[in-house]
Amino acid sequence: MPMKLFSRDLSPYSARVRMQIYAKGLTDIEIVRPGTFGTPEFRQDYPIGRIPVLDIDGEAMPESEVIAEYLEEIYPEPSLLGATPRETAHIRTLARIGDIYIMNNMFMLSPQSRAATRNQGIVDLLGGQVVRNLKALDRMIGEDGFA
């Protein structure tokens, strides 16, 4: 079953899946930069219009978390999950904090860096959320060097 991961270098969500592919040594998954990304053509082929997208024999699977879980299920070795259900839940919690509480706020904050007039209330609110959640993530990562 030929697979392609549509990915872009600066996408943190794509990076998450690429790291998994590299850690598992999955050389049979081709990583490609979609030339049509951001166009109506890309959205026609991939309705969510975002990356990463895992193309499996012409069928599109979006969303980094879904792709990561799928790859873990079909390529269980080496496992990137915890040794116990509790450890696995902790790993997934850290990923969710990154995706939802940090990256979503950063994406909503980024237009302010290009705005002719910044809305300081938005900058303070979203910037504060990013800082608060980075501190939470730092506390939850642990001291053994592994999430």
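Note that the structure is a prediction, hence the values are computed from the model and not measured. (Residues numbered from 1 in each chain as written. Predicted model: local features only at pLDDT ≥ 70, side-chain atom pairs only at ≥ 80, totals over all residues. Heavy atoms only, no water.)

### Some details on the pattern of salt bridges
Next up, step 1: Applying the stated rule across the entire model yields four salt bridges.
Next up, step 2: The salt bridge partner of Asp 99 is Arg 16, with a shortest N-O separation of 2.7 Å. Within this pair, whereas Asp 99 is found in helix 4 (residues 85-114), its partner Arg 16 is found in helix 1 (residues 12-24), the two being separated by 83 residues in sequence.
Next up, step 3: Residue classification places Asp 99 among the buried residues on the basis of a relative accessible area of 15%. (Salt bridge = Lys/Arg side-chain N within 4 Å of Asp/Glu carboxyl O. Helix = DSSP H or I, 4+ residues; strand = E, 2+ residues; numbered from the N terminus. Buried < 20%, exposed > 50% of the residue type's maximum accessible area, 1.4 Å probe, protein only.)

### Details of the packing of helix 1 against helix 3 (residues 64-74)
Next up, step 1: Contact geometry for helix 1 and helix 3: axes closest at 9 Å, N-to-C directions at 15°. Relative to helix 3, the element helix 1 lies roughly parallel. Relative to helix 3, the crossing made by helix 1 is right-handed. Contact residues: Tyr 13, Arg 16, Val 17, Gln 20, Ile 21 and Lys 24 in helix 1; Ser 64, Glu 65, Ile 67, Ala 68, Leu 71 and Glu 72 in helix 3.
Next up, step 2: Broken down by class, the residue content of the contact of helix 1 with helix 3 amounts to six nonpolar, two polar and four charged. (Axes fitted to C-alpha atoms, helices over the stretch in contact; angles between N-to-C directions. Parallel < 35°, antiparallel > 145°, perpendicular 65-115°, else oblique. Left-handed = near helix turned anticlockwise from the far one by under 90°. Contact = heavy atoms within 4.5 Å. Nonpolar A, V, L, I, M, F, W, Y, C, P; charged D, E, K, R; others polar.)

### Thoughts on helix 3
Since the α-helix advances by 3.6 residues per turn, residues separated by three or four positions end up pointing in the same direction.
Next up, step 1: Those residues of helix 3 that sit buried are Ser 64, Ile 67, Ala 68, Leu 71 and Glu 72. Viewed along the axis of helix 3, the buried residues span an arc of 135°, placing them on a single side of the element.
Next up, step 2: On the buried face of helix 3, the contacting elements are strand 1 (3-6), helix 1, strand 2 (29-32), strand 3 (53-56), strand 4 (59-62) and helix 4. (Arc of directions from axis to C-beta.)

### Re the pairing of strand 2
Next up, step 1: In this structure, strand 1 lies alongside strand 2, joined through four bridges in parallel fashion. From the neighbouring strand, Met 3 faces strand 2, where its bridge partner is Ile 29.
Next up, step 2: Handedness of the strand 1-helix 1-strand 2 crossover: right-handed. (Pairing = 2+ DSSP bridges. Right-handed = clockwise from strand over helix to strand, strands pointing away.)

### Examining the nonpolar core
Next up, step 1: The biggest cluster of nonpolar side chains holds 12 residues, and these are Met 3, Leu 5, Val 17, Ile 21, Leu 26, Ile 29, Leu 54, Ile 56, Met 61, Ile 67, Leu 71 and Tyr 75.
Next up, step 2: Secondary structure elements with two or more residues in this core: strand 1, helix 1, strand 3 and helix 3.
Next up, step 3: The contacts of Leu 71, once residues within four sequence positions are left out, are Val 17, Gln 20, Ile 21, Lys 24, Ile 29 and Leu 54. (Core = buried A, V, L, I, M, F, W, Y, C linked by side-chain atoms within 4.5 Å.)

### A closer look at the packing of helix 1 against helix 4
Next up, step 1: Running from amino to carboxyl end, helix 1 crosses helix 4 at an angle of 150°, the nearest separation of the two axes being 11 Å. Comparing their axes, helix 4 and helix 1 come out roughly antiparallel. Here helix 1 contributes Pro 12, Tyr 13 and Arg 16 to the contact with helix 4, which in turn contributes Ala 95, Asp 99, Met 103, Asn 104 and Phe 107.

### Re the packing of aromatic side chains
Here the distance between the centres and the angle between the planes together describe a pair of aromatic rings.
Next up, step 1: Throughout the structure, instances matching the rule amount to four aromatic pairs.
Next up, step 2: On the basis of an interplanar angle of 40° and a centroid distance of 5.9 Å, the ring pair of Tyr 13 and Phe 107 is categorised as tilted. Taken together, the residues Tyr 13 in helix 1 and Phe 107 in helix 4 connect sequence positions 94 residues apart.
Next up, step 3: What makes Phe 107 partly exposed here is its relative accessible area of 41%.
Next up, step 4: The interplanar angle of 45° and the centroid separation of 4.9 Å between the aromatic rings of Phe 42 and Tyr 46 together place this pair among those described as tilted.
Next up, step 5: Through pairs of rings, three or more aromatic residues link up here, namely Phe 6, Phe 37, Phe 42 and Tyr 46. (Phe/Tyr/Trp six-rings, centres within 6.5 Å; stacked < 30°, edge-to-face > 60°.)

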